[in-house]
Amino acid sequence: MPGLLFRPILQPCESVASFFLRASEGNGYKNAREMFLAHRVNYIYSPSFSTARSIDRLVNIFGLFGDFSESILHRVSRSGVDCRRYNEKLIPQLAFREDCSAFCPICIIEKPYWRKLWLLRPYSVCHIHAVLMQLSCYKCSKPLDFNRDRLFYCECGADLTHSPRILEDPKPTQWLYALLEGSEKAKLDGFFKFWMALTQVDDENASAIKELWRLRVTIAWYYSDEVAVDEIRKLVLDQGRHPRVALRSFLCAGNTLKKYACQILGELNGVSFEKDIKDHNYKVGRREASDILGVGRHQLDDLVSEGVLKMVEYGGAYLCFELNGLEELLFNFQNKSIGDELPSLTPSRVSLVERLKLLLSGKAYSLGYDLKTGLQSLAIKVKSSKLEPNNEIVMSFHDVALLLDVHIEVVRSLLHKGWIDHGFLDGEKPKKIMLNTASVELFNQNYQSAGSLARSIGINPTNCAEKLVHLGALPIAGPCVDGVLVYFFRKSDLERIDCSLIKDLKEYKTKAGRPRKNSVFQPASGVSLTTSARLLGVSNQAVASLIHKGVLRKENSSCRDVLVTERSLSALAEIIFSPTYIKVAEAAELLGYTLDQFEVYFIETGMVKVINLHVWRLIHEHDLLYPKKLAADYFSASQAGMLFGMHRSFFPNLESRLGIKPLYVGEGKRRVKFYSKEDVALVAREYRLIPISSRTKFN
């Protein structure tokens, strides 16, 4: 079938869909679909988003002209997000409208075709005429379709050039147009990243007015205007959803937008939200669920394994979370559920899973959490009746941790060091360790951890133990005493110390950390791991490995930090930086061998002695004298064979025939044959062999 009779010319900045609609209308077809079918080609619903190959094929079939490379919005995937290439810039797919849908009533009169710029959703006001973009027919209110009869007429017969002209402020779209035409790609990427997150918060209304609002808020965010925070906060309050669920698109969009969402969530702390979970069959993955709840990946796995959260199948095999279930969990424990008059314990050192299990089992009350950090900051009050250990002979690790106000791992360390007696529950398979109640009561009566004391008087638990030691209290257990994870002191010693002295104490001896300026205390001798690693040019892990292997020696000190003795560090540095020692890889390169060849020829044969320092393998330069002479006058069997493109067995097979005598290197199991360069030259002349490398010379 011949091409089209009427062949329109592609206009500057015209969309591909507009071009084909003009071709269809000019050739008398009812619509674009009929034109495609008449030429026996598959119908394309969105030509602007098609591939260059498909458009070139259509152009050839229809006999059209023009360069469509700049008009097609090529698809590109970046960081898992579908994007389209617009004027050499990547814009997310979600930021585009349908082909030939939005238009400016004045522009289509002045130049009768659809612009490619109008495909962008944020472009809501004509930057030339200050007229609100029309997204539907003014008569029937139906959205416009690419497959309509004529370019400037709706299917209902309305003339689109008669659409109402609603004046609006063009400054936001003028700013966007300048950004699109400019060269600041990073600025454009940040704009659309925020715009996409904002669109996902409220995407129910896609009118031009709503799109203009999103554009203004995004521009306000870009210039750090507080208007953006106020507008988004109002949007969250109007939605009726939990704030962390409503702002999930911001929480999951990277650190910059996550911090911005936390700023908004911080202003919503204290606001009462009614539980109104909408029935959305929406699923989220592990990463998104972690960001919504404000928990870590491992904590999320623990919540699933303990039955606090449930995962459902999606797509047959993929496991995910229901958004409604996450929102219900956030609503249930957001607000404070008890009064301050109830005496009980707040287990600040208890894991999140244990806190939620206590709440779900009715053993504790919720004190709420910070909306900025999510469930990670969930505080609870445990019912005091549940903490009385006198009712039973044994106690669980969790109950003891609550009683002592320590982490559960601290309880295990007390058990291992013999401070608390334990036993096994009868009938439990596998056996379950339980702690003796009398032993726990006796320990709690006489001792207290430094962290528990610090929390009770409102100071930093990190340096509380050092301050207590400075004031005369000696720890009976701890990391530098017997290996218990935290320091414990006798309560009788603590009663003699004035708590106000602990708060105001500034000058005291520390065992770890940076020394205070002008301090009268001298730091512990030795070199830290970081300094040692910097001096040796390796990582901290490598230095730790050298200590473990005995290459470096650890300083005997009560300091928690691992320190290396200066003597062992100096001895090691003297060896590795000495010019008389050379690394194995450098030695192989110096002699013209590969590392594997050098290992076999000289190290495994015992010709070269290697000093193995685990991180470095060094050779004394004196041990390389014989290998250098050997490399200058001899070839190994493998080298000689490769010289002529032969197998390494080529020369050993000619030994008896030509009377070649090899030189054996090594003793025992590993012996390597070497052939003099004179014998190699003899074989080359006898069999008229030409070396592969023209640079090879024989003596």
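None of the values given here were measured: they were computed from a predicted structure. Residue numbers run consecutively from 1 along every chain, following the written order of its sequence. Only residues with pLDDT of at least 70 get local features here, since the model is predicted, and only at 80 or more are side-chain atom pairs given and counted; chain-wide, interface and lining totals rely on the full set of residues. Side-chain measures here rest on the full set of heavy atoms in the structure, leaving out hydrogens and waters.

A.B. asks: What should I look at first to understand the state of the cysteines in this one?
C.D. replies: Two cysteines joined by a covalent bond between their sulfur atoms form a disulfide. Two cysteine sulfur atoms make up a disulfide if the distance between them is within 2.5 Å. Counted by the stated rule, this structure contains zero disulfides. Considering cysteine sulfurs only, C140 is the nearest to C154, which forms no disulfide, with 3.6 Å between them.

A.B. asks: What exactly am I supposed to notice about the pairing of strand β22 (residues 672-676) here?
C.D. replies: Think of it in three bands: with a 1.4 Å probe and only protein chains considered, a residue is buried below 20% of the maximum accessible area for its type, exposed above 50%, and partly exposed in between. Every helix listed is a DSSP run of H or I at least four residues long, and every strand listed is a run of E at least two residues long, numbered separately from the N terminus. Across the five residues of β22, four count as buried, placing the element largely inside the fold. In this analysis, strands are considered paired if DSSP registers two or more bridges between them. Where strand β21 (residues 663-665) and β22 come together, three bridges link them in antiparallel fashion. Paired with V665 across the bridge in β22 is V672.

A.B. asks: Hey, could you run me through the environment of V538 in this one?
C.D. replies: With respect to the helices and strands, the residue V538 is situated in the loop between α23 (529-536) and α24 (540-549). Taking the C-alpha atoms as reference points, V538 and V615, separated by 77 residues in sequence, lie 8.6 Å from one another. In what follows, residue pairs with any heavy atoms lying within 4.5 Å of each other are defined as contacts. Other than its neighbours up to four places away in sequence, V538 contacts A533, V543, V615 and W616.

A.B. asks: Help me understand the packing of aromatic side chains, please; the structure alone is not making it clear to me.
C.D. replies: How two aromatic rings sit relative to each other is set out by the distance from centre to centre and by the angle between their planes. Here a Phe, Tyr or Trp ring, Trp counted by its six-membered ring, pairs with any other such ring whose centre lies within 6.5 Å, and the pair is stacked when the planes are under 30 degrees apart, edge-to-face when over 60, and tilted otherwise. Per the stated rule, a full pass over the model turns up 29 aromatic pairs. With a centroid separation of 6.4 Å and 75° between ring planes, the pair formed by F192 and W195 is classed as edge-to-face. Of this pair, F192 and W195 both sit in helix α6 (residues 185-201), three residues apart, which is roughly one turn of that helix. For W195, a relative accessible area of 1% gives the class buried. For a Lys NZ or an Arg CZ to count as sitting over a ring, it must be within 6 Å of the ring centre and within 35 degrees of the ring normal. The lysine or arginine in question, K210, covers the ring of W213, its NZ or CZ lying 4.4 Å from the ring centre. Directly above the aromatic system of Y282 lies the positively charged group of R248, at a separation of 5.0 Å from the ring centroid.

A.B. asks: Please explain the pattern of salt bridges as it appears in this structure.
C.D. replies: Note on pairing: side chains with opposite charge can pair once their charged atoms come close. Basic side-chain nitrogens of Lys or Arg form a salt bridge, by our definition, when they fall within 4 Å of a carboxyl oxygen of Asp or Glu. Per the counting criterion, the structure on display carries 18 salt bridges. Where E184 meets K187, a salt bridge forms, and the shortest distance between an N and an O atom there is 3.9 Å. E184 sits in the partly exposed class, given a relative accessible area of 47%. A cluster of three or more residues bridged by salt bridges with shared partners is formed by R121, E211 and R214.

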